[in-house]
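# Examining the three-dimensional arrangement
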Amino acid sequence: MIDITLNNGLRMPALGFGVFQSAPDVTAQAVEAALNVGYRHIDTAAAYNNEREVGEGIRRSGVPRDEIVIETKVWVSDYGYDETLHAFEKATGKLGVDRLDVLILHQAAPDRFEKTIAAYKALETMHADGRIGAIGVSNFVPERIAMLLDATGVVPAINQVELHPYFTQRDVQRADAEQGIVTQAWSPIGGITFYPGYGDERRSVMDDPTLQELAGRHGKSAAQVMLRWHLQQGRSAIPKSTNPARIAENFDVFDFELSDEELARIDALDTGVRSGPDPEVPRPAMYDRSIPEA
Ligand code: NAP
């Protein structure tokens, strides 16, 4: 296992377990399987509609709560100071815990950024009183980070963004690093380049010939090579799977090392084109989806 130290001193496993699009009826067993093979960091979100099942999987695993980093996200419809304080109650109620290790804002929501700032101020309050171990953001471009820093006091510990070999976001990585913010890769093995629902123009990074070649050279899979690339470059990565074999495969990345030349070859695959939505284009219909009470 490789740990990452956040800018407030909190240590967490760099490799976490994602549950976006994990249906509620399979999430608990996926989380339990992940904890059984050694993951100690779970990434969920209010908007994934499976926090309750994440909590159930954690309890079923028998792994003590204080050995697990639970990261979740506030959805935009819960932005605003009081609303975000209440979002914490919803999240902890569903998860069945009394504190969160990491709580981040899911989107910058550029069309209502003053509410985003107010939401972040609520995170600062709960961080100060110990209810949250570390606070952060997701899908923030460098300009948004700068606007947030101007208006608030605590530098985010994490910025979770789309990041895989076809979209490496070097500008975001650089801006995050300058502020001591850990860049956390969503779709770290390129899920967004192949899972359904995002158009048919995409090429799956999983099939990339360079990654396939490196995988063959190391006796590993393309997914494992991508995860190793994230870890060796100091990022956090949170691959998702509901398949027990792939859950284990994605954690089996601590027994090989990519050379500098191999890392550079993966960096060179960047297309500069995102597969997911542009976070600076507001999506009011999405933002307004309400999050149920616990
Ligand atoms: P991902 O982890 O890169 O890829 C997941 C996809 O890959 C699933 O279709 C999964 O299917 C498949 N898969 C998993 N392991 C595999 C392997 N070893 N070989 C082949 N296929 C494999 O994509 P993601 O779910 O988009 O991103 C990961 C996590 O990031 C999410 O779960 C979520 O926690 C977070 N996320 C955050 C945001 C945000 O806006 N902040 C957006 C997207 C995601 P199976 O389940 O069938 O294995």
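For the structure given in this document, a descriptive report is provided here.

Calculation notes
Residues numbered from 1 in each chain as written. Predicted model: local features only at pLDDT ≥ 70, side-chain atom pairs only at ≥ 80, totals over all residues. Heavy atoms only, no water. Near = heavy atom within 4 Å. Polar contact = N/O pair within 3.5 Å; in protein donor to acceptor, adjacent residues only side chain to side chain. Areas by Shrake-Rupley, 256 points an atom, 1.4 Å probe, with all protein chains shown as cover. Helix = DSSP H or I, 4+ residues; strand = E, 2+ residues; numbered from the N terminus. Nonpolar A, V, L, I, M, F, W, Y, C, P; charged D, E, K, R; others polar. Contact = heavy atoms within 4.5 Å. Expected span 1.5 Å × (residues − 1). Buried < 20%, exposed > 50% of the residue type's maximum accessible area, 1.4 Å probe, protein only. Axes fitted to C-alpha atoms, helices over the stretch in contact; angles between N-to-C directions. Parallel < 35°, antiparallel > 145°, perpendicular 65-115°, else oblique. Arc of directions from axis to C-beta. Phe/Tyr/Trp six-rings, centres within 6.5 Å; stacked < 30°, edge-to-face > 60°. Left-handed = near helix turned anticlockwise from the far one by under 90°.

### Some details on the site of the ligand
- The environment of the ligand is formed by 29 residues, the closest being Asp43, Ser187, Lys240, Ser241 and Arg246.
- With respect to the ligand, the backbone of Val19 contributes an N or O atom lying 3.1 Å from an oxygen atom.
- Against a free-state accessible area of 900 Å², the protein chains account for coverage of 88% of the ligand.
- With three residues, helix α9 (residues 244-251) is the largest single contributor of residues to the shell around the ligand.
- Class assignment for the residues of the shell around the ligand results in twelve nonpolar, twelve polar and five charged.

### Focus: the environment of Ala237
- Residue placement: Ala237 occurs in strand β10 (residues 236-237).
- When the C-alpha atoms of Ala237 and Pro24 are compared, they prove to be 22 Å apart, with 213 residues separating the residues in sequence.
- Beyond its immediate sequence surroundings of up to four residues, Ala237 is in contact with Ala14, Leu15, Gly16, Ala185, Pro188, Leu227 and His230.

### Describing helix α1 (residues 24-37)
- If you check α1, its first and last C-alpha atoms are 21 Å apart, about what 14 residues at 1.5 Å a residue would give, namely 20 Å.
- When α1 is considered as a whole, its buried residues turn out to be Thr27, Ala28, Ala30, Val31, Ala34 and Leu35.
- Those residues of α1 that are buried are in contact with β3 (17-18), β4 (41-43), α2 (51-61) and α9.
- Note on α1: the residue one or two positions beyond its end, Gly38, has a positive phi of about 125°.

### Some remarks on the packing of α2 against helix α3 (residues 81-95)
- Contact geometry of α2 with α3 gives a least axis separation of 7 Å together with a crossing angle of 40°. If you check the angle between α2 and α3, you find them oblique. Contacts between α2 and α3 involve Glu51, Arg52, Val54, Gly55 and Arg59 on the former and, on the latter, Ala91, Lys94 and Leu95.
- Tallied by class, the residues present in the contact of α2 with α3 amount to three nonpolar, one polar and four charged.

### Quick notes on helix α7 (residues 209-218)
- Residues of α7 that are buried include every one of Thr210, Leu211, Leu214 and Ala215, and no others. What you see down the axis of α7 is that its buried residues fit within an arc of 135°, all on one side. Those residues of α7 that are exposed and angled more than 90 degrees off the buried face are Pro209 and Gly216.
- Next to the buried residues of α7 lie α8 (222-232) and α10 (260-267).
- One side-chain oxygen at the N-terminal end of α7 lies 2.9 Å from the backbone nitrogen of Thr210; it belongs to Asp208.
- Looking at the residues trailing α7, positive phi occurs at Gly219, about 65°.

### Concerning the packing of aromatic side chains
- Applying the stated criterion across every chain, the model contains eight aromatic pairs.
- With a centroid separation of 6.2 Å and 70° between ring planes, the pair formed by Phe20 and Tyr195 is classed as edge-to-face. With Phe20 in the loop between β3 and α1 and Tyr195 in the loop between β9 (182-186) and α7, the pair connects residues that are 175 residues apart, well separated along the chain.
- Consider the rings of Tyr39 and Phe251, whose centres lie 4.7 Å apart with planes at 40°: the pair is tilted. Residue Tyr39 is found in the loop between α1 and β4, and its partner Phe251 is found in helix α9; the two are separated by 212 residues along the sequence.
- Classification of Tyr39 by relative accessible area gives buried; the value is 0%.

### Things to note about unusual backbone geometry
- Its identity is not glycine, yet Asn49 carries a phi of approximately 60°, on the positive side.
- By the element assignment, Asn49 lies in the loop between β4 and α2.
- Its relative accessible area of 53% is what places Asn49 among the exposed residues.
- Positioned with a positive phi, Asn139 is a non-glycine residue whose angle comes to about 60°.

### A look at the packing of α7 against α10
- Where α7 meets α10, the axes come as close as 10 Å, and the angle between the chain directions of the two elements is 155°. The angle between the axes of α7 and α10 places the two elements in the roughly antiparallel class. When the axes of α7 and α10 are compared, the crossing they make is left-handed. Every residue of α10 that contacts α7 at Thr210, Leu211, Glu213, Leu214, Arg217 and His218 is listed here: Glu261, Glu262, Arg265 and Ile266.
- Residue composition of the contact of α7 with α10, grouped by class: three nonpolar, two polar and five charged.

Coordinates in, geometry out; function isn't part of it.
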